[in-house]
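Examining the three-dimensional arrangement
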Amino acid sequence: MKKLIAAFIFMVIFSPVLVSPVFAQDSGEMYYHNVTIEKIYLSGQGYVVQYRKGVNNLGTIGIPYEWFTAAGGKAEVLKLPPGLDWPSMSVFYKNGEFNYVRLYVHRSKAHWSWAVVPLGADVSKHFENLDDFKIDY
């Protein structure tokens, strides 16, 4: 029994050393920045997200619907579990460049955080220069 425990401890201690070369192929540094969402507007082009930047300021950015498809693959929407109703947005970066964005939203579109862009409102400025997808913090 003592040999079995010793072997298990040895495997736990040294297995990351043996496995790490497999995962070392992609050495890109990945990090994310999370912001609180104030409103998510549905528009013809995509989601227009109004988020908190700083204490008393709001930022706005557009996320096209194409990004949420498998072909676009730059965004995903996750519905918050019941009881949690504060939506947020996480922007993921790899090697200092935008990789993808994840929206954590309320399940019901009747929630106060969801809205629809008024008819005739021009939101195209929020969908320009999406290659960089730079948000202000």
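Below: a short report on this structure. (Residues numbered from 1 in each chain as written. Predicted model: local features only at pLDDT ≥ 70, side-chain atom pairs only at ≥ 80, totals over all residues. Heavy atoms only, no water.)

Our focus in this paragraph is the nonpolar core. One finds I63, M89, V101, F133 and I135 to be the most contacted residues of the largest nonpolar core, which totals 25 residues. Each residue touching M89, except ones within four places of it in the same chain, is listed here: H33, N34, V35, I37, V49, Y51, I61, I63, V101, R102, L103 and I135. (Core = buried A, V, L, I, M, F, W, Y, C linked by side-chain atoms within 4.5 Å. Buried < 20%, exposed > 50% of the residue type's maximum accessible area, 1.4 Å probe, protein only. Contact = heavy atoms within 4.5 Å.)

If a strand is regular, its side chains alternate between the two faces of the sheet. The element strand β5 (residues 88-94) is largely enclosed, with a buried count of six among its seven residues. Note: strand β1 (residues 30-42) against β5, seven bridges, orientation antiparallel. The residue bridging T36 from the neighbouring strand is S88, located in β5. (Helix = DSSP H or I, 4+ residues; strand = E, 2+ residues; numbered from the N terminus. Pairing = 2+ DSSP bridges.)

Under the counting rule described, the total for this entry stands at two salt bridges. With its nearest N and O atoms 3.0 Å apart, the salt bridge here joins E38 to R52. Remark: R52 occurs in strand β2 (residues 46-53) and E38 occurs in strand β1; sequence separation between them is 14 residues. Of the charged contacts, one joins E76 and R102 as a salt bridge, the two residues approaching to 2.6 Å between their closest N and O atoms. Within this pair, whereas E76 is found in strand β4 (residues 75-79), its partner R102 is found in strand β6 (residues 97-105), the two being separated by 26 residues in sequence. (Salt bridge = Lys/Arg side-chain N within 4 Å of Asp/Glu carboxyl O.)

Before going further, it helps to spend a moment on the pairing of β6. In this sheet, β6 lies alongside β4 in parallel orientation, the contact comprising five bridges. Residue pairing for β6: E76 is matched across the bridge by R102. Strand direction decides the pairing type here: β5 and β6, joined by seven bridges, are antiparallel. Across the sheet, the residue bridging to M89 is L103, located in β6.

Among the structural elements, G44 can be located in the loop between β1 and β2. Spatially, the C-alpha atoms of G44 and V117 are 8.7 Å apart, while their sequence positions differ by 73 residues.

Moving on to the side chain of H106. Mapping H106 onto the fold places it in the loop between β6 and β7 (114-116). The class for H106 is buried, based on a relative accessible area of 19%. In this structure the side chain of H106 is engaged in a polar contact, spanning 3.1 Å, whose partner is the backbone nitrogen of S108. (Polar contact = N/O pair within 3.5 Å; in protein donor to acceptor, adjacent residues only side chain to side chain.)

All right, on to the environment of Y51 then. Tracing the chain through its elements places Y51 in strand β2. The buried category is assigned to Y51, whose relative accessible area is 2%. The spacing of Y51 and I40 is 11 residues in sequence and 8.7 Å in space, taken between C-alpha atoms. Residue contacts for Y51: discarding those within four places in its chain leaves V35, T36, I37, E38, N57, L58, G59, T60, I61, M89, I135 and D136.

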